[in-house]
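Structure at a glance
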Amino acid sequence: MARPNEEIAGLIQEYADLLSVTGGDAFKARAYEKAARALGGHHADVSRLDVRQLREIPGVGASIAEKVAEYFRTGHIPALDERRTRIPSGVRELIRIPTLGPKKAMALHEDLGIASVDQLSAALDAGRLHGLKGFGPKTEENLRHGITLLRQAGGRIPLDQALQTAEDVVAALSAVPGCVRCAYAGSLRRMRETIGDVDVLVAAEDSAPFMTAFTELPCAAEVIAHGGTKSSLRTAEGVQVDLRVLPPAAWGAGLQYFTGSKAHNIGLRTIAVRHGLKLSEYGLFDADSGELVVSETEEEVYARLGLPWIPPPMREDRGEIAAALAGELPDPVTEADLRGDLHTHTDLTDGLAPLEDMVTAAAARGYAYYAVTDHAPDLYMQQMTAEKALAQRERVRALDRRHRGMRVLHGTELNIGPDGEVDWPDDFLAGFDLCVASIHSHFQLDRAAQTRRLIRAAENPHVDIIGHPTTRHLGRRPGIDADLEAVYAACARTGTALEVNGQPERLDLCDEDIRAARGHGVRFAVDSDAHTPVHLPYVRYAVGTAQRGWLTADEVVNTWPLRKLKSFLRTAG
DNA sequence: GCCGTTTTCGGCCCGACTGTTTTCAGTCG
């Protein structure tokens, strides 16, 4: 999707952060935040819009439209540059620490001169926060914990950001004359939830033009290494990208080798040795003669070892080699298997686009059905009412009649309260085509209470799907503490599906949890949780996560034909 | 800063939770 949108959204968000750190009008900062979100989620390339067209985007007025246009004209936003000179970038970095907001960040900066996460960490160790107003022992503990969380994600970048970078690089190098093949490999190809660095492979006879083209990419902020067949760079966003150029004949072996994981490759090499073979990034060789056996495609490499081709997300040495040898490797669900999306939002609550736009975009994806599931009243900030829900239902029914190829379902995303209760009485819930129910607060309840509330939600006869079941937020918050095995059992018993949520900061359930839940015979829903048409493709991350969890299409309710899905929705809960 | 209007100012999703505080500020969703 349009990269300029994300670029300008990042800058406007930065401006909002800097405004909030310096205090003043909080509503002004919020206006910039809202505009950043609107620009980032806009369906068209905002760099091609003039001021008048920009102002048509909800949340973007005269002032912000002018800044956006100026940025794409000159490459600068003077107001932002001016703020940057007054506040070190490290201060903004501080507010990425959970529980540390703009006010505390500014206090740390003004009173102690702290301007980076590292400096804060050192100040904590040195006891320099003692006596600082508003910073008690509990706050110190929270800050330490927050820094740990931040550093765990530390150095690793979210899947969507890595993919965007990789696709840009692959597109650029594919256009270089002499390119036979080009693809990304590594943990990104395996769809790990966060990515350390991006690995890109090129197959070509002559590597030199690719080394040059790579190090001269516009996204390259720093060239880390520049060799004959291998180069590395760092992008302006701090993503390290490694490029390897291979002879076209070694493509399959190279792709296999650089996709990993390391543990999976060790497993393969062990099998190779047993066959009197030797496996490297250049091919599969006879151990005695050193003669090349195969190397052109991954399929050949796996086949010569007596294995079917193993989908990259499953290559984690979690039993996939043994399963493949036994002919018992599940055939994982693919994006093409999905017939619909069952968790999406509109601007009636916290989405960015009108119902009609979301439905049009969903239809363009070729879905057979599509559910609109805006938030319910218990999430107070969303201002939902029964009247609004019913009015939306009328619009959904009208759209459903208009879209011949795609059925539009009217659902809702209920809030699971601390005791497992959800919004609205039973008779009102019965009017929805489907109900997703998710946790949005009370993350600190103890294990017994979390388990109880999830099971109660699953037992609710109107609840069809538990949305983002652990509510983890990558790099910010671990999942809730619950006896998930008991929850899976309850979902299997009540016929309630568990969601695999495709938002890159969620990916919830995660791969390991999916595998555990599968054992109970649970059904799943693989959803985007889209808040704008731009998010609809996020199902690819949910599918990648599902593949890592060995999920088959049969187990995913939104691969089913509508008739079967409806039957499931009638009996679920 | 944006928006909508009973048009040009006054409101802006509202409430819970936490920790530090003796009555509330900050953060979060």
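Residues numbered from 1 in each chain as written. Chains lettered and ligands numbered in written order. Predicted model: local features only at pLDDT ≥ 70, side-chain atom pairs only at ≥ 80, totals over all residues. Heavy atoms only, no water.

Considering the overall build of chain A
From N to C terminus, chain A includes 24 helices and 17 strands. Taken against the 2.2 N^0.38 rule, which gives 25 Å for 573 residues, the C-alpha radius of gyration of chain A at 25 Å falls within 12% of a compact globule. Reported as C-alpha extents along the three principal axes, the dimensions of chain A are approximately 75 × 60 × 50 Å. Put simply, chain A has 573 residues, and 53% of those count as buried. Of the contacts formed within chain A by residues at least 6 apart in sequence, a portion of 68% connects residues at least 24 apart. Of the roughly 24,600 Å² that chain A leaves accessible, carbon and sulfur atoms contribute 51%. (Helix = DSSP H or I, 4+ residues; strand = E, 2+ residues; numbered from the N terminus. Rg over C-alpha atoms; globule rule 2.2 N^0.38 Å. Buried < 20%, exposed > 50% of the residue type's maximum accessible area, 1.4 Å probe, protein only. Contact = heavy atoms within 4.5 Å. Areas by Shrake-Rupley, 256 points an atom, 1.4 Å probe, with all protein chains shown as cover.)

Brief notes about the side chain of R190
The topology assignment puts R190 in the loop between α11 (186–189) and β3 (194–195). What makes R190 buried here is its relative accessible area of 8%. Contacts of R190, omitting those with residues within four sequence positions, involve T259, G260, S261, P312, P313, R315, E316 and R548.

Describing the protein's contact with DNA strand B
Taken together, 35 residues lie around DNA strand B, and G59, G101, G136, M381 and R477 are the ones closest in. Sugar plus phosphate, as a fraction of atoms of DNA strand B within 4 Å of the protein: 77%. Within the backbone of G61, one N or O atom sits 2.7 Å away from a phosphate oxygen of DNA strand B. Between T139 and DNA strand B, the recorded distance is 2.9 Å, taken from a backbone N or O atom to a phosphate oxygen. Those elements giving two or more residues to the surface near DNA strand B turn out to be α2 (26–40), α4 (62–74), α7 (102–112) and α9 (137–152). (Near = heavy atom within 4 Å. Polar contact = N/O pair within 3.5 Å; in protein donor to acceptor, adjacent residues only side chain to side chain.)

A closer look at the domain arrangement of chain A
Partitioning chain A into domains gives domain 1 (4–153), domain 2 (157–246), domain 3 (251–325) and domain 4 (335–571). On a C-alpha basis, the centres of domain 2 and domain 3 stand 23 Å from each other. Counting residues at the interface gives 14 residues for domain 2, matched by 15 residues for domain 3. Summed over the three residues of domain 2 that lose the most area to domain 3, namely R189, R190 and L246, the buried surface amounts to 51% of that side. In this structure, R190 engages E316 in a salt bridge whose closest nitrogen and oxygen atoms are separated by 2.8 Å. The interface formed by domain 2 and domain 3 contains five residue pairs in polar contact (both at pLDDT 80 or more). The set of elements that each furnish at least two residues to the side of domain 2 that touches domain 3 consists of β2 (181–184), α11, β4 (198–203) and β7 (240–246). Per-element tally for the side of domain 2 that touches domain 3: the top contributor is β2, with four residues. (Domains from an automatic or database assignment. Buried area = accessible area lost by both parts, 1.4 Å probe. Salt bridge = Lys/Arg side-chain N within 4 Å of Asp/Glu carboxyl O.)

Here we look at helix α21 (residues 484–494)
Among the residues making up α21, those that are buried are L484, V487, Y488, A490, C491 and T494. Down the axis, α21 shows its buried residues gathered within 160° of arc, on one side only. On its buried face, α21 is in contact with α20 (447–459), β15 (465–466), β16 (497–501), α22 (511–518) and α24 (562–571). Note on α21: the residue one or two positions beyond its end, G495, has a positive phi of about 70°. (Arc of directions from axis to C-beta.)

Focus: the sheet that holds strand β10 (residues 292–294)
Spatially, β8-β9-β10 is the arrangement adopted by the three strands of the open sheet, whose pairing is antiparallel. Strands at the two margins of the open sheet, each flanked by one partner only, are β8 (277–280) and β10. Taking the axes of each pair of neighbouring strands and ignoring which way they run, one obtains an average angle of 35° across the sheet. Pairing between strand β9 (residues 283–286) and β10: two bridges, direction antiparallel. Each residue of the ladder has a partner; that of L284, found in β10, is V294. Contacts from helix α14 (residues 262–274) reach β8 and β9 within the one sheet, and its direction differs from that of β8 by about 155°. (Pairing = 2+ DSSP bridges. Axes fitted to C-alpha atoms, helices over the stretch in contact; angles between N-to-C directions.)

Quick look at the sheet that holds β7
Taking strand neighbours across the sheet as the criterion, the five strands line up as β2-β4-β7-β6-β5 in an open arrangement whose pairing is mixed. Both edges of this open sheet fall to β2 and β5 (220–226), since each of them pairs with a single strand only. Within the sheet, the average angular offset between the axes of one strand and its neighbour, ignoring direction, is 20°. Judged from the six bridges that link them, β4 and β7 form a sheet pairing that is parallel. Of the residues in β7, the one forming a bridge with V198 is V241. The strands touched by helix α12 (residues 208–215) within the sheet are β4, β5, β6 (230–235) and β7, with β7 carrying the most contacts at an inclination of about 165°.

Quick look at the packing of helix α1 (residues 3–21) against α4
Running from N to C, α1 and α4 cross one another at 125°; their axes reach a closest spacing of 11 Å. Here α1 lies oblique to α4, going by the angle between them. For the crossing formed where α1 meets α4, the hand is right-handed. Only I64, K67, V68, Y71 and F72 of α4 make contact with α1, whose side of the interface consists of P4, E7, I8, L11, I12 and Y15. Residues that form the contact of α1 with α4 fall into these classes: nine nonpolar, no polar and two charged. (Parallel < 35°, antiparallel > 145°, perpendicular 65-115°, else oblique. Left-handed = near helix turned anticlockwise from the far one by under 90°. Nonpolar A, V, L, I, M, F, W, Y, C, P; charged D, E, K, R; others polar.)

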